[in-house]
Structures are given as structure tokens and as C-alpha cells.
Protein chains: 2
Amino acid sequence: MSTDLAFGVPAIAVIFTSTRTTDYDDEYRAVAASMDDMVRRQPGFLSVESVRDPVTRRGVTVSYWVDEASAVAWKQVAEHLEAQRLGRERFYSEYSVVVASVTRSYQSGSA
Amino acid sequence: MSTDLAFGVPAIAVIFTSTRTTDYDDEYRAVAASMDDMVRRQPGFLSVESVRDPVTRRGVTVSYWVDEASAVAWKQVAEHLEAQRLGRERFYSEYSVVVASVTRSYQSGSA
């Protein structure tokens, strides 16, 4: 395995960490699925990874963008603003967002 | 909620994404617990968040460091090198590592 730039550099990573308020929630599932679908169609979107542990209710979603402007634009999309409001008010007991500039990356199977 | 720098800037984020080969494995659990304990005692360590979905076996671990040198030093710790070898050979069917420089962060409950 050696260094390989999966996204190219520069790229922007947005790390969203959250704790869900409840185990199960149809509205949450619908909103999360809608956002997952929508984010992939945003200009400048590169990829997204989202994982949640159902026991701890803790989740991490990392989205990658070609630049900061693309990441900021997604934050301002109307449907996403509404999802963020629901997140603050009902879905998450707490959350954090970290924005970072990718400097290097490598992966299994790289030549 | 407003902007708040959880870690201060600059900080380095190391995003480790992986897929486990099997559902359950005592050796993996022991190694993962040991690494989680050990990483917290490294010079320059700030915090770590690790989540895995037991159904998809997909996991994301994000560790935060005061600087790049601290993150690189942890990668070279002997026990961690051995854990990385086990990861490549047995624990993970695939994985990626992204290193990024934190530019801003905010969290719920910020003033």
C-alpha cells in the first residue's frame, strides 16, 4: 500500500458527528434518506460516508467537496436548512461539525 | 448555535474509514480496545470518535491532533504498526485514510 490521492488535493472534508435522540423514527429515516440522495447531486460533491452505531446512537457522516464554496452552498440549500432545523430541534441531542482541508489520503489496494 | 472552535485551529483530523471482514472477532475487539486506550495517551492527541454499523460492518474513526507531526508519530508507534498489519491482513476488507487540516468547527449548544 502506498500513498494515493483518492480525491485529489485540495478537497474539503465536512465531518458531522451526532447523537440521535431516539432509536427509531420514521421521519428521521425519511429526512436522512432524502438528504443522502440530495447531497450526491450537489455541485462540487465528491463522496459521502455515513455510519451510525444503533446502540450508542452515535453517528459520523463525512462528506467531501471540491472546494469550500461547494460545501458552504450545500449548507444553504433550502431542504437542507429545514433538515438542519429538525436536527437541532428533534433528531439530535448533540452534534458537531468540523470543516477541514484534505492534505493527503491513501487506501487499501493502492499500487 | 454559532461558530465555536472545538479544537482550536490549526488541528489535524485523521479520518479512517474501513469495512470489517467479519461480524465478530475477539482478537479484533481486543486490538481495537487497546488502540483506543493507547491513542488517548499519545503526545498531541486531542480527541477521537469511532463508530461502526454492525450490519454493514462499515466504520469511521476520526482522530484529532494538535499538529501533523503528532498524527504521523502515532502512525509509527510499534503497537499501532502491528495493529495496522493485522488490519491489512485480517480485520478489514478495505479501508482508507484521509488526513485533513481543520479550518473551522461548531457544535450544538455553542453560545
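Residues numbered from 1 in each chain as written. Chains lettered and ligands numbered in written order. Predicted model: local features only at pLDDT ≥ 70, side-chain atom pairs only at ≥ 80, totals over all residues. Heavy atoms only, no water.

Q: Can you help me understand helix α3 (residues 78–91) of chain B in this one?
A: Because each turn of an α-helix spans 3.6 residues, side chains separated by three or four positions end up pointing in the same direction. Residues and elements named next belong to chain B. Buried residues of α3: His80, Ala83, Gln84, Leu86, Gly87 and Phe91, and no others. Projected down its long axis, α3 carries its buried residues within an arc of 165°, all on one side. Turned more than 90 degrees away from the buried face of α3 sit Ala78 and Glu89, all of them exposed. Lining the buried residues of α3 we find β1 (12–20), α1 (26–39), α2 (68–75) and β4 (92–107). (Buried < 20%, exposed > 50% of the residue type's maximum accessible area, 1.4 Å probe, protein only. Helix = DSSP H or I, 4+ residues; strand = E, 2+ residues; numbered from the N terminus. Arc of directions from axis to C-beta. Contact = heavy atoms within 4.5 Å.)

Q: Which parts of the structure should I look at to understand unusual backbone geometry?
A: With the exception of glycine, most residues fall at negative phi, and the peptide bonds are largely trans. The backbone of Arg57 of chain A sits at a positive phi, close to 65°, despite the residue not being glycine. In this structure, Arg57 of chain A sits in the loop between β2 (45–52) and β3 (58–65).

Q: Looking at this model, I keep getting lost on the packing of helix α1 (residues 26–39) of chain A against helix α3 (residues 78–91) of chain A. Mind explaining?
A: The relative placement of two packed helices is expressed as an angle between their axes plus a distance between the axes. All names here are of chain A. α3 packs onto α1 with a crossing angle of 145° between their chain directions and a minimal axis gap of 11 Å. In terms of crossing hand, the pair formed by α1 and α3 is left-handed. Where α1 abuts α3, its residues Glu27, Tyr28, Val31, Met35 and Met38 lie against Glu79, His80, Ala83, Leu86, Arg90 and Phe91. Residue composition of the contact of α1 with α3, by class: seven nonpolar, one polar and three charged. (Axes fitted to C-alpha atoms, helices over the stretch in contact; angles between N-to-C directions. Left-handed = near helix turned anticlockwise from the far one by under 90°. Nonpolar A, V, L, I, M, F, W, Y, C, P; charged D, E, K, R; others polar.)

Q: Quick question: what am I supposed to make of α2 of chain B here?
A: Residues and elements named next belong to chain B. Within the span of α2, buried status applies to Ser70, Ala71 and Trp74. One face of α2 carries all of its buried residues, which in axial projection span an arc of 100°. Taken together, the buried residues of α2 touch β1, α1, β3 (58–65) and α3.

Q: Can you help me understand the pattern of salt bridges in this one?
A: By the definition in use, this model includes 18 salt bridges over all chains. Residue Arg104 of chain A pairs with Glu68 of chain B through a salt bridge whose shortest N-O separation is 2.4 Å. Placement of the pair is Arg104 of chain A in strand β4 (residues 92–107) and Glu68 of chain B in helix α2, with the two residues belonging to separate chains. The partner of Glu94 of chain B in a salt bridge is Arg58 of chain B, with the nearest N and O atoms 2.1 Å apart. (Salt bridge = Lys/Arg side-chain N within 4 Å of Asp/Glu carboxyl O.)

Q: I'm lost on the interface of chain A and chain B in this one. Help?
A: It is common to report an interface's size as the accessible area lost on association of the parts. Taken together, the contact pairs 33 residues of chain A with 33 residues of chain B. Summing the contributions of chain A and of chain B, the shared interface buries around 2900 Å²; its carbon and sulfur component is 60%. It is Val51, Arg104 and Tyr106 of chain A that lose the most area in chain A upon contact with chain B, and together they represent 20% of the buried surface on that side. For the interface between chain A and chain B, the tally reads four salt bridges. When the shortest N-O distance is used, the salt bridge between Glu49 of chain B and Arg58 of chain A registers 2.6 Å. Here chain A is connected to chain B by 13 residue pairs in polar contact (both at pLDDT 80 or more). Of all elements in the fold, only β1 (12–20), β2, β3, α2 (68–75) and β4 of chain A reach the threshold of two or more residues within the side of chain A that touches chain B. If one sorts the elements of the side of chain A that touches chain B by residue count, β4 of chain A sits on top with 14 residues. Partitioned by chemical class, the residues of the side of chain A that touches chain B number 17 nonpolar, eight polar and eight charged. (Buried area = accessible area lost by both parts, 1.4 Å probe. Polar contact = N/O pair within 3.5 Å; in protein donor to acceptor, adjacent residues only side chain to side chain.)

Q: Would you take a moment to explain the pairing of β4 of chain B for this structure?
A: It is a general feature of regular strands that their side chains alternate between the two faces of the sheet. As judged from the eleven bridges shared by β4 of chain A and β4 of chain B, these two strands associate in the antiparallel manner. Directly across from Ser101 of chain A, in β4 of chain B, lies its bridge partner Ser101 of chain B. Relative to β4 of chain B, β1 of chain B is paired through nine bridges, and the arrangement is antiparallel. For Ser18 of chain B, the partnering residue across the bridge sits in β4 of chain B and is Tyr95 of chain B. (Pairing = 2+ DSSP bridges.)

On their own, these measurements won't tell you what the molecule is for.
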